[in-house]
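# Results of the structural survey
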Amino acid sequence: MKGPLREPCLLTLVQRNGQYELIIQSWDKEQHIQDTIPINSHFRCVQEAEETLLIDIASNSGCKIRVQGDQIRERRFEIPDEKHCLKFLSDVLVAQEAQSQILVPEQKDSSSWYQKLDSMDKPADLTGIFGFEDDFSSMNLDKGINPQSQPLGTHRDPPPPPHSVNKMLPREKEPSSKEQPKVTNTMRKLFVPNTQSGQREGLIKHFLAKREKEYVNIQTFRFQELDLSTEAFFYFESVKEQEWSVAVERSLPSKVKYKKVQLVRLVGMMLLIFAKKDQCRNIRDIATETVGTGIMGKMGNKGGVAVRFVFHNTTFCIVNSHLAAHVEDFERRNQDYKDICARMSFVVPNQTLPQLNIMKHDVVIWLGDLNYRLCMPDANEVKSLIHKNDLQRLLKFDQLNIQRTQKKAFVDFNEGEINFIPTYKYDSKTDRWDSSGKCRVPAWCDRILWRGTNINQMHYRSHMELKTSDHKPVSALFHIGVKVVDERRYRKVFEDIVRIMDRMENEFLPSLELSRREFVFENVKFRQLQKEKFQISNNGQVPCHFSFIPKLNDTQYCKPWLRAEPFEGYLEPNETVDISLDVYVSKDSVTILNSGEDKIEDILVLHLDRGKDYFLTISGNYLPSCFGTSLEALCRMKRPIREVPVTKLIDLEEDSFLEKEKSLLQMVPLDESTSERPLQVPKEIWLLVDHLFRCACQQEDLFQTPGMQEELQHIIDCLDTSIPDVIPGSNHSVAEALLIFLEALPEPVICYELYQRCLDSAHDPRICRQIISQLPRCHRNVFRYLMAFLRELLKFSEYNNVNASMIATLFTSLLLRPPPNLISRQTTSDRQRAIQFLLVFLLGSDED
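As the structure is a computational prediction, the values presented were derived from the model and not from experiment.

Turning our eyes to something else, we now look at the overall build of the protein. Of regular secondary structure, the protein possesses 20 helices and 29 strands. For the protein, the proportion of its 848 residues judged to be buried stands at 52%. In the protein, once contacts between residues fewer than 6 apart in sequence are set aside, the share between residues at least 24 apart is 71%. As presented, the protein carries roughly 40,600 Å² of accessible surface, and 50% of it is formed by carbon and sulfur atoms.

With that settled, the discussion passes to the sheet that holds strand β23 (residues 530-538). Taken in spatial order, the four strands make up an open sheet running β21-β23-β27-β25, and their pairing is antiparallel. Two strands close off the open sheet at either side, each with one partner strand: β21 (512-514) and β25 (562-565). Pairs of neighbouring strands in the sheet enclose a mean axial angle of 25°, with direction left out of account. Of the pairings in the sheet, the one linking β23 to strand β27 (residues 576-583) comprises eight bridges and is antiparallel in character. Across the sheet, the residue bridging to Ile536 is Val577, located in β27.

One pass over the full model with this rule turns up 30 salt bridges. Across the salt bridge formed by Glu565 and Lys360, the nearest N and O atoms sit 2.9 Å from each other. Of this pair, Glu565 sits in strand β25 while Lys360 sits in the loop between β15 (356-357) and β16 (363-369), and the two are 205 residues apart along the sequence. Judged by its relative accessible area of 39%, Lys360 falls in the partly exposed class. We note a salt bridge from Asp720 to Arg642, for which the minimum N-O separation is 3.4 Å. Taken together, the positions of Asp720 in helix α13 (residues 709-721) and Arg642 in the loop between α10 (631-635) and α11 (646-666) put the pair 78 residues apart, joining distant regions of the chain. Residue classification places Asp720 among the buried positions, given a relative accessible area of 0%. Within the structure, one salt-bridge network assembled from shared partners comprises Asp398, Arg404, Glu415 and Arg447.

On to the environment of Val364. Within the secondary structure layout, Val364 lies in strand β16. By relative accessible area, which is 0% here, Val364 ends up buried. Residues Val364 and Trp450 lie 86 residues apart in sequence; the distance between their C-alpha atoms is 5.5 Å. Setting aside its immediate chain neighbours within four residues, Val364 contacts Cys317, Ile358, Phe413, Leu449, Trp450 and Arg451.

Now for the confidence of the model for the protein. Mean pLDDT for the protein: 78, with 75% of residues reaching 70 or above. The spread of mean pLDDT over the elements of the protein runs between strand β7 (residues 188-189), the lowest at 28, and strand β22 (residues 518-524), the highest at 97. Across residues 50-60, confidence stays below pLDDT 50; counting only partners more than four residues off in sequence or on other chains, it has 26 contacts. Under a pLDDT of 50 for its full length, residues 664-674 has, in the predicted model, 15 contacts with residues more than four places off or in other chains.

On to the nonpolar core, then. Core analysis: the biggest nonpolar cluster contains 106 residues, and Leu512, Phe703, Leu742, Ile807 and Phe811 have the highest contact counts within it. By size, the runner-up hydrophobic cluster in this structure holds 46 residues, among which are Val261, Leu266, Ala379 and Ile448.

So, on to the side chain of Lys683. Secondary-structure assignment places Lys683 in helix α12 (residues 683-695). Among the residues examined, Lys683 registers a relative accessible area of 11% and is labelled buried. Polar side-chain contacts of Lys683 include one of 3.0 Å to the side chain of Glu684.

Before going further, it helps to examine the state of the cysteines. Structurally, a disulfide amounts to a covalent bond that connects the sulfur atoms of two cysteines. Taken as a whole and judged by the stated rule, the model has zero disulfides. Unpaired in this structure, Cys695 has its nearest cysteine sulfur neighbour in Cys697, at a distance of 9.3 Å. As a non-bridged cysteine, Cys751 has Cys778 as the owner of its nearest cysteine sulfur, 7.9 Å distant.

Bringing the packing of aromatic side chains into the picture now. Scanning all chains against the criterion turns up 18 aromatic pairs. Measuring from ring centre to ring centre gives 6.0 Å for Trp366 and Phe413, while their planes differ by 85°; the resulting arrangement is edge-to-face. With a gap of 47 residues between them, Trp366 in strand β16 and Phe413 in the loop between α7 (399-405) and β17 (414-415) connect regions that are remote in the sequence. Side by side, Trp366 and Phe413 carry an identical accessibility label, which is buried.

Here the focus is unusual backbone geometry. Going from Tyr424 to Lys425, the amide bond is cis rather than trans, its omega being 0°. Note on placement: Lys425 falls in the loop between β17 and β18 (446-451). Here the residue pair Glu565 and Pro566 is connected by a cis peptide bond, since its omega of 0° sits within 30 degrees of zero. Position of Pro566 among the secondary structure elements: in the loop between β25 and β26 (568-571).

So, about the sheet that holds strand β12 (residues 303-311). Spatial strand order, β11-β12-β13-β16-β18-β17: six strands in an open sheet with mixed pairing. Each having just a single partner strand, β11 (283-292) and β17 make up the two edges of the open sheet.

With that settled, consider helix α19 (residues 804-815). Counted at 1.5 Å a residue, the expected span for α19 with its twelve residues is 16 Å, and the 15 Å between its end C-alpha atoms agrees. Packing partners of the buried residues in α19 comprise α14 (731-744), α17 (777-794) and α20 (828-843). For α19, the capping residue at the N-terminal end is Asn803, with a side-chain oxygen 3.1 Å from the backbone nitrogen of Ser805.

Angle between the axes and distance between the axes are the two parameters that describe a pair of packed helices. Axis separation between α12 and α14 bottoms out at 10 Å; the angle between their running directions is 145°. Considering only the axes of α12 and α14, their crossing is left-handed. Contacts between α12 and α14 pair Glu684, Ile685, Leu688, Val689, His691, Leu692 and Cys695 from the former with Asn731, Val734, Ala735, Ala737, Leu738 and Phe741 from the latter. Here the contact of α12 with α14 is composed, by residue class, of ten nonpolar, two polar and one charged.

With respect to the element layout, Ile72 can be found in strand β6 (residues 72-79). Look at Ile72 and you get partly exposed, because its relative accessible area is 22%. Sequence separation of Ile72 and Ile37 is 35 residues, and the distance between their C-alpha atoms is 7.4 Å.

What follows deals with α13. Taking 1.5 Å per residue, 13 residues should reach 18 Å; α13 reaches 18 Å between its end C-alpha atoms and fits that length. Residues Leu712, Ile715, Ile716, Asp717, Cys718, Leu719 and Asp720 constitute the buried set of α13.

With that settled, the discussion passes to a nonpolar patch on the surface. Nonpolar side chains collect at one region of the surface, where Tyr490, Phe494 and Val498 lie side by side and expose about 290 Å² of accessible area between them. Of note, Phe494 is situated in helix α8 (residues 487-507).

Criteria and thresholds
Residues numbered from 1 in each chain as written. Predicted model: local features only at pLDDT ≥ 70, side-chain atom pairs only at ≥ 80, totals over all residues. Heavy atoms only, no water. Helix = DSSP H or I, 4+ residues; strand = E, 2+ residues; numbered from the N terminus. Buried < 20%, exposed > 50% of the residue type's maximum accessible area, 1.4 Å probe, protein only. Contact = heavy atoms within 4.5 Å. Areas by Shrake-Rupley, 256 points an atom, 1.4 Å probe, with all protein chains shown as cover. Pairing = 2+ DSSP bridges. Axes fitted to C-alpha atoms, helices over the stretch in contact; angles between N-to-C directions. Salt bridge = Lys/Arg side-chain N within 4 Å of Asp/Glu carboxyl O. pLDDT = per-residue confidence, 0-100. Core = buried A, V, L, I, M, F, W, Y, C linked by side-chain atoms within 4.5 Å. Polar contact = N/O pair within 3.5 Å; in protein donor to acceptor, adjacent residues only side chain to side chain. Disulfide = S-S within 2.5 Å. Phe/Tyr/Trp six-rings, centres within 6.5 Å; stacked < 30°, edge-to-face > 60°. Expected span 1.5 Å × (residues − 1). Left-handed = near helix turned anticlockwise from the far one by under 90°. Nonpolar A, V, L, I, M, F, W, Y, C, P; charged D, E, K, R; others polar. Patch = residues over 30% accessible without salt bridge, like charges linked within 9 Å, V, L, I, M, F, W, Y side chains within 5 Å.

As structure tokens, then:
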């Protein structure tokens, strides 16, 4: 190809005396022209990308390639048949790999297309994109550890690693950024088919097929931003989940049989675990969990997914997370990390094991788009340091390293030495740094960390070859020693222990000593955690098992606002354990505490197997909140709820219930001549919505970015204790406070009794409006007030990035909730009809 002109030619790949060559033959006015390009370190052959999305409609329209070699200018060719093109590129790749085995290292030439390595190095493509080696017995153990990695906590010593890897070998030298191959501005893609199914399979197969002599036992694939559709944000099914799962499975090497262990997805985050088929019998107790840290914990655009399992006798937990974005929001990222750690717990099916959190595993591998940036505002300065290969200086400004050093996040985790340039942000399909108007500062957003013992990281690298995203993928290969039980010795030891225990149990009874038995929690508030700790010690002569058990006629060992951690365990003689009692009032328990039906009072029974029971007394006082109080009661309160006597609150709730029932059943106005006229809408809703209307209509990503927990607590306290002129906190925190308020309502804005009628009439706007007119007065006013605000918000979509579908999906889950007895039976069709009901008012009006 010469510009728009095309001339026929013949490409031939030959081998002469051990040297591979590419021969190009063409004809010019009956004159035969032949060029020979040796395949050496200067040779480059790449397929040109089309100006389309990565995943295209299936076609066989051929493909274009670029070739450049030693002293040969770049030449472009078009091969009409795509299958022939891919076969040719595959043969070229085989020749390159074979030739590289015998190449004599040359002097470094910065203008070369292909990177050169000194005599100690292998060409980069031979080590395997995912770090696979030909022989595991000679794998290089990467001893380079990120200086910010903290020492591990105390753990039981595992058995020594396998003999095949117990010798530490010199670490393979990583290529510096100066040695990275120069890349033209032309968008390129890897040697993969240009079809919808082939793209995904080819991307993975290209890298995995390089090393077939030895493959790892367990492979993990993580995806970010897999599906960012509005429906996916709210846990609906994603077709891309199945597409990528099938693509990965088909692309695994055929010579080694792999089997999928587990898949877990949350919106765009997906984690796939595969294991060698002959190792699957050694994997058990598999469990998955997801945690959304987006707004209200509902939207899973940020958060984490994890898979835990036991391999032989070692417990593993692999976490894939996507944390909050933006340079200045490192505290929000820390909060996301803490939320995932606190909320993610695994329930192993068909097991009596207690719930396990992330840190209660022998091995934890945490990977993903952690989004930590560089504390350097000047993108040009950062790029200059990258060009000089001064990565160590840049890493001193890395937010993740700083936060780990300050013990704000990822304490006790390790990270390998970073010898690759930042993986974010690039123009999609290129190696160019972000050229958009925002011109984001390069950063190492994508990271892989681990904690545990007997873990050796073999490789930690990025993959500049992949250009399908504005991030460059990162991979790591680990060699991990696992505990394997000798069944014969195990049975012998087990029998010995049983005999000893039988003898001791006949001679001694278990006994505990408690440091405290009475606990007082003062001024408990909605969504504010309080902790009290105590110790229990085994002062007996035998090991003992303790657990908190339900009282007579109860199904749970404590009330819903209380939790003991750990709630069961084993103690050796003279061993002591700390137990934390946590009080946290959530939306599930706030209403009965507000109404006075429940109090901060409970008795815990600590049971000792074969021993006696110990009783712990819990007491305290609760401060009522407008959150979790009915709309009817709030409309009758013209003062902050904390100024209303408790007895008055109980009366208001009873009157509110009667008012709602009368309004729904009789559909006649109440006689208000004998009482003070109530507010049209609760003052708390008016304060929140009015603030957002005045200050946040143009706020970017409103109702999509979560607020800060401290700010949310200040907002809740402010609404409970005063009628403020200004709501404290950021716009995002005020927006989330409004959503939390609506979620905590004991009866949603659209009453439970009308839920099914709303779904049935979603297709008819006229009937939809009739149903709203039948709501109790305060519910009807609140609904119309919120719809008017949201319609106004949609007028500024250009600035705030909200759209009707997203708003309808989010607010439907709050305003039109199914009755408690129908939640588990709600179908995707039900959710879609509920969304359609709300769209009637978002895209129209409240009037007929």
